[in-house]
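Overview (structure and organization)
Spelled out from the first residue to the last, the chains are:
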Amino acid sequence: MLLRHLSLTNFRNYVRLELDLAPGLSIVQGENAQGKSNLLEAIAYLATSRSPRAGSDAELVNWLVREEPYPYARLAAEVEKHQRVERLDITLLPARNNHRYRKQVRINGVNRRAIDLVGLMPVVLFRPEDVELVAGTPQQRRRYLDIALCQMEPPYCRALSEYNKTLSQRNALLRHLAEGGGDPVQELRFWNDKLAETGSLVMAKRQWFINRLEREASLRHLDLSGGFERLRLRYLPSFDPGIRPEPRQRRYPSTASLRERGVAYEALTPEQVRASFLAHLQAGLSRDLAAGMTLLGPHRDDLGFYLGEYNLRTYGSRGQQRTAALAARLAEVTIMTEAGGTAPILLMDDVMSELDATRRAMLVEALTSVPQAIVTTTDWEDFQTPLLEHATRLTVHAGQLTRLSAPVETA
Amino acid sequence: MAMQVVAEPIQRLIEALTRLPGIGPKSASRLAFYLLRAPAEQVQELAAAIGELQESIVYCSRCQNLSQQDPCEICSDPSRDMHIICVVEEPLDVVAIERTGVYHGLYHVLHGVINPVEGIRPEDLRIESLLERKEKEPIREVLIATNPTMEGEATAMYLARLLRSGGVRVTRLARGLPVGGDLEYADEVTLSRALEGRREM
Ligand SMILES: Nc1ncnc2c1ncn2[C@@H]1O[C@H](COP(=O)(O)OP(=O)(O)OP(=O)(O)O)[C@@H](O)[C@H]1O
Ligand SMILES: [Mg+2]
Ligand SMILES: [Zn+2]
């Protein structure tokens with residue numbers, strides 16, 4: 001799978017871009033604030049229908065056109081797959097109340113849902129901010145899991161989207177029920193069932209992914225750190241999906257140790273998780289009613305990174321956190337290639353400059369192992385001459401891209 | 001102060017149209033200018049139809065459908081099968097099912113579906129009157145034809161539990177309708193198949 005062409009209109013500082021992309025490695029050099037991150041953000045947005053950094057889609061629309069009567073932004077990709085070309089495009093259009101934007105997704109010119117787009121052009125994006133994967137919030141880690149899994153597994157993406165809709169309905173119902181009136185058991189039944197049905201698929205898949213991630217990432221981590229300590233990854237769910245509380249259990253099952261040490265099931269079947277989730281929902285009904293929201297479920301999941309006994313989030317040095325995050329990204333590439341069936345496009349946003357020689361070498365190895373990679377830098381010196389010679393070189397200045405060279409053909 | 005660019009009556013119509021579902025400022029002004037230039041009869045006919053709408057329409061006290069008479073035409077038609085009730089979300093769903101010509105029973109219109117986020121709970125729907133009908137009328141089957149959306153399924157499940165007693169069969173439209181789709185937009189062949197292939201709940 002290759003990204004052959006990218007078109008941008010009014011996306012961030014790209015008022016108009018038509019860019020042909022070559023297979024292999026492309027390196028985009030530019031000074032600060034010229035459009036390097038924006039370019040990779042655009043590609044990631046087309047791949048996942050979400051921005052890796054923006055809080056709202058409105059930020060993505062070029063701010064000079066926002067004052068125009070009908071401001072919009074458009075991103076389009078031509079993707080080559082098995083000798084066939086697919087066209088993906090997303091248009092951001094002003095919604096009713098003018099400060100928001102809605103997105104219109106099309107695949108080969110036909111209107112589709114955003115979740116139909118995800119996975120058609122899988123990418124893995126490396127950013128300097130990736131350290132947040134280890135150091136940041138549980139929400140950032142769930143997002144990492146979701147973006148990786150959604151690109152590999154359309155059923156995961158559908159289950160997650162249904163789960164989120166069901167969760168909003170159930171939470172709204174809990175708030176209404178708390179105000180009085182209605183029979184909680186009757187009215188909640190459908191939403192509990194649906195939550196358990198969709199949530200169990202999400203949890204079973206997350207456990208599967210975290211197991212694979214641990215295997216791959218710990219290998220990478222040994223190489224990256226040159227150390228002896230094994231990186232461990234643990235699934236930290238809000239309830240133990242392997243047990244079922246008794247129907248009339250008085251005490252609510254404690255989750256403190258679960259949140260510390262996590263679980264590590266070899267495999268979880270959705271059926272098993274479903275029964276457990278449903279039983280936990282029933283046992284937790286009065287707590288949910290009191291809180292006016294659903295306290296248990298994959299929306300409360302977390303992922304722990306450990307060296308020995310220590311959670312790197314709390315005890316890791318910045319450098320240790322960075323190394324673990326890099327190992328997780330590299331592992332993601334391998335898993336996506338093997339389990340997802342297609343090698344992802346690697347996107348790296350100015351990550352070389354802050355790494356030592358060993359780590360750079362590992363990244364270069366990853367870059368050259370995939371069919372296509374697009375990398376940005378402020379400084380050509382980040383790359384060694386042989387690599388530069390085999391790359392397509394471009395520069396970016398104020399939202400304008402210029403091609404400097406085609407790769408040197410190997411004799 | 002904004003300058004008055006468009007004459008006041010046009011502005012007023014545009015504003016009124018914008019309040020309608022599915023109509024944004026752009027289509028509202030297109031409609032307004034269309035009406036401005038349309039033949040007078042056409043505009044008067046439209047104005048009259050809108051004016052009479054709320055005066056002449058009532059809820060049928062039996063099936064809760066909108067009608068010009070109470071009971072409605074379908075409820076007072078002796079040739080209809082009195083043993084089966086088809087439960088739908090909206091009056092337009094009745095129109096869609098009638099168009100197929102394969103269903104000859106009665107209807108019950110809920111006027112909505114359970115949707116907690118929108119604040120719609122069972123007591124906001126016409127469910128009470130459906131339960132009364134089940135007691136009073138010689139019903140053998142209730143066919144639940146809410147849309148195959150999450151909210152439609154939630155409503156179907158909720159109703160099934162309330163209705164499933166006293167020898168009444170509760171059935172559901174067969175799958176085959178596009179998931180998340182509206183009955184209102186299903187083509188006749190698909191809808192006929194869904195009606196004929198209904199399954200026990
Ligand atoms: N919506 C927008 N409309 C117009 N310009 C924008 C918009 N959003 C961001 N920009 C600008 O785009 C420019 C390029 O941003 P980008 O993040 O791509 O820079 P960069 O090349 O990655 O720089 P650095 O090396 O500092 O990371 C910045 O000046 C930024 O302010
Ligand atoms: Mg940048
Ligand atoms: Zn009637």
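Just above sits the structure.
Now for a quick tour of the structure. No experiment lies behind these values; they were computed from the predicted model shown.

What follows concerns the overall build of chain B. Each helix and strand in chain B was counted, giving 7 helices and 7 strands. Overall, chain B shows an N-to-C arrangement of helices and strands of α-α-α-β-β-β-α-β-α-β-α-β-α-β. Along the longest, intermediate and shortest principal axes, the C-alpha atoms of chain B span 70 × 35 × 35 Å. Here chain B, with 201 residues, has 27% of them falling under the buried criterion. Residue pairs at least 24 apart in sequence account for 56% of intrachain contacts in chain B once pairs closer than 6 positions are excluded.

Residues and elements named next belong to chain A. The N-to-C vectors of helix 4 (residues 138-152) and helix 11 (residues 318-340) enclose an angle of 25°; their axes lie 10 Å apart at closest approach. Classed by the angle they form, the pair helix 4 and helix 11 counts as roughly parallel. Considering only the axes of helix 4 and helix 11, their crossing is right-handed. Counted together, Ala 148, Gln 151 and Met 152 of helix 4 and Glu 332, Met 336, Ala 339 and Gly 340 of helix 11 form the full contact between these two elements. Residues belonging to the contact of helix 4 with helix 11 are distributed by class as follows: 4 nonpolar, 2 polar and 1 charged.

All right, on to helix 1 (residues 36-48) of chain A then. Residue and element names in this part refer to chain A. The first and last C-alpha atoms of helix 1 sit 19 Å apart over 13 residues, in line with the 18 Å expected at 1.5 Å per residue. Counting buried positions over the 13 residues of helix 1 gives 12, a clear majority of the element. Within helix 1, burial applies to Lys 36, Asn 38, Leu 39, Leu 40, Glu 41, Ala 42, Ile 43, Ala 44, Tyr 45, Leu 46, Ala 47 and Thr 48. Just past helix 1, the residue Ser 49 takes up positive phi, approximately 60°.

Another point: the nonpolar core. Counting residues in hydrophobic clusters, the biggest one holds 139 residues, and the most contacted among them are Ile43(A), Leu46(A), Leu347(A) and Val87(B). No other element matches helix 6 (residues 184-225) of chain A, which puts 14 residues into this core. Sequence-distant contacts of Ile43(A), defined by excluding residues within four places in its chain, comprise Leu3(A), Leu6(A), Val123(A), Leu347(A) and Ile374(A).

This paragraph deals with the site of ligand 1. Residues in contact with ligand 1 amount to 16 residues; listed here are only the nearest, Asn13(A), Asn32(A), Lys36(A), Ser37(A) and Asn38(A). When its residues are assigned to classes, the shell around ligand 1 shows 3 nonpolar, 9 polar and 4 charged.

Another point: the pairing of strand 1 (residues 2-11) of chain A. Residue and element names in this part refer to chain A. For strand 1 and strand 4 (residues 73-81), the ladder comprises 7 bridges, and the chain directions are antiparallel. Bridge pairing in strand 4 places Leu 6 opposite Ala 77. Relative to strand 2 (residues 14-20), strand 1 is paired through 6 bridges, and the arrangement is antiparallel. Paired with Leu 8 across the two strands is Leu 17, which belongs to strand 2.

Secondary-structure assignment places Val65(A) in the loop between helix 1 and strand 4. Once the C-alpha coordinates of Val65(A) and Arg274(A) are considered, the two residues, 209 residues apart in sequence, prove to be 49 Å apart.

For the rest of this paragraph, the subject is the interface of chain B and chain A. Every contact between the two is made by 9 residues of chain B and, on the other side, 13 residues of chain A. For the side of chain B that touches chain A, the per-class residue count stands at 7 nonpolar, 1 polar and 1 charged.

A separate point is the environment of Arg318(A). Along the polypeptide, Arg318(A) turns up in helix 11. Each C-alpha atom of the pair Arg318(A) and Arg66(A) lies 39 Å from the other, and the pair is 252 residues apart in sequence.

Right, let's talk about unusual backbone geometry for a bit. A cis amide bond links Asp70(B) with the next residue in sequence, Pro71(B), at an omega value of -5°. When you line up the elements, Pro71(B) lands in the loop between strand 2 (66-67) and strand 3 (81-88). In this structure, Asp350(A) is a non-glycine residue whose phi angle is positive, near 50°. Mapped onto the fold, Asp350(A) is located in the loop between strand 12 (345-349) and helix 12 (357-369).

Right, let's get into the sheet that holds strand 9 (residues 231-236) of chain A. Residues and elements named next belong to chain A. If you trace the 3 strands from one edge of the open sheet to the other, you get 9-10-11, paired in antiparallel fashion. The open sheet has two edge strands, strand 9 and strand 11 (310-311), and neither has a second partner. Bridge count between strand 10 (residues 302-307) and strand 11: 2 bridges; the pairing is antiparallel. Counted as the bridge partner of Leu 307 is Tyr 310 from strand 11. Sitting on the sheet, helix 6 touches strand 9 and strand 10, and the angle it makes with strand 9 is about 165°.

Rules behind the numbers
Residues numbered from 1 in each chain as written. Chains lettered and ligands numbered in written order. Predicted model: local features only at pLDDT ≥ 70, side-chain atom pairs only at ≥ 80, totals over all residues. Helix = DSSP H or I, 4+ residues; strand = E, 2+ residues; numbered from the N terminus. Buried ≥ 20, exposed ≤ 12 C-beta atoms within 10 Å, placed from the backbone. Contact = placed C-beta atoms within 7 Å. Axes fitted to C-alpha atoms, helices over the stretch in contact; angles between N-to-C directions. Parallel < 35°, antiparallel > 145°, perpendicular 65-115°, else oblique. Left-handed = near helix turned anticlockwise from the far one by under 90°. Nonpolar A, V, L, I, M, F, W, Y, C, P; charged D, E, K, R; others polar. Expected span 1.5 Å × (residues − 1). Core = buried A, V, L, I, M, F, W, Y, C linked by C-beta atoms within 7 Å. Near = placed C-beta within 6 Å. Pairing = 2+ DSSP bridges.

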